[in-house]
Amino acid sequence: MKNPDHNVSCPTAIEKYLKAYLVYRQVKFNKTHDILELLDLCINEDKEFEKLNELERFKEYATKFRYPSYSEPTLAIRITEKVRELVVKKLNISSETLS
């Protein structure tokens, strides 16, 4: 791997964004790193999260490897940004606040 940082950073960021949304909505969830489990809870709250179906690519992140070999860093970053944009929108905060 030329740059393994995306292996940890992207799935971890996605997990944290989804958890932030669930906390904001006061949804209880188990202690987990399973992105798809968290996504299902988000979808139960808001169907717009269904458009994050690309998160399927990260399913083995929590369940098998925790730090996967994800060979498409550009795609991983794009998916992470898509999650961030949706959660920021749902939390009614500006992107500048997060910078």
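Residues numbered from 1 in each chain as written. Predicted model: local features only at pLDDT ≥ 70, side-chain atom pairs only at ≥ 80, totals over all residues. Heavy atoms only, no water.

A. Molecular detail of the side chain of Lys90. The residue Lys90 is located in helix 4 (residues 73–90) in this model. By relative accessible area, Lys90 is classed as buried at 18%. In contact with Lys90, not counting residues within four places along its chain, are Tyr21, Tyr24, Asp46, Glu48 and Phe49. (Helix = DSSP H or I, 4+ residues; strand = E, 2+ residues; numbered from the N terminus. Buried < 20%, exposed > 50% of the residue type's maximum accessible area, 1.4 Å probe, protein only. Contact = heavy atoms within 4.5 Å.)

B. Structural context of the environment of Val87. Its location among the elements puts Val87 in helix 4. Considering only alpha carbons, one finds Val87 and Ala20, 67 residues apart in sequence, at a separation of 8.0 Å. In contact with Val87, other than residues within four places in its own chain, are Tyr17, Tyr21 and Phe49.

C. Region of the structure containing the pattern of salt bridges. Tallying each qualifying case throughout the model produces nine salt bridges. Note that Glu54 and Arg78 form a salt bridge whose closest N and O atoms lie 2.8 Å from each other. Residue Glu54 is found in the loop between helix 2 (35–45) and helix 3 (59–65), and its partner Arg78 is found in helix 4; the two are separated by 24 residues along the sequence. By relative accessible area, Arg78 is classed as partly exposed at 41%. Measuring nitrogen to oxygen at the nearest pair gives 3.1 Å for the salt bridge that ties Lys82 to Glu54. Of this pair, Lys82 sits in helix 4 while Glu54 sits in the loop between helix 2 and helix 3, and the two are 28 residues apart along the sequence. Shared partners join several salt bridges into a network, and the residues in it are Asp46, Glu48, Lys51, Lys89 and Lys90. (Salt bridge = Lys/Arg side-chain N within 4 Å of Asp/Glu carboxyl O.)

D. Representation of helix 2 within the structure. Along helix 2, the residues classified as buried are Ile35, Leu36, Leu38, Leu39, Cys42 and Ile43. Projection of helix 2 onto a plane perpendicular to its axis shows the buried side chains occupying an angular sector of 155 degrees, all on one side. Measuring from the backbone nitrogen of Leu36 back to the side-chain oxygen at the start of helix 2 gives 3.0 Å, which picks out Asp34 as the cap. (Arc of directions from axis to C-beta. Polar contact = N/O pair within 3.5 Å; in protein donor to acceptor, adjacent residues only side chain to side chain.)

E. How the structure looks around the packing of aromatic side chains. In the structure shown here, the tally under the stated rule is one aromatic pair. Seen from their ring centres, Tyr21 and Phe49 are 4.5 Å apart, and the 45 degrees between their planes marks the pair as tilted. Of this pair, Tyr21 sits in helix 1 (residues 5–24) while Phe49 sits in the loop between helix 2 and helix 3, placing them 28 residues apart in sequence. Classification of Tyr21 by relative accessible area gives buried; the value is 1%. For Phe49, a relative accessible area of 0% translates into the label buried. (Phe/Tyr/Trp six-rings, centres within 6.5 Å; stacked < 30°, edge-to-face > 60°.)

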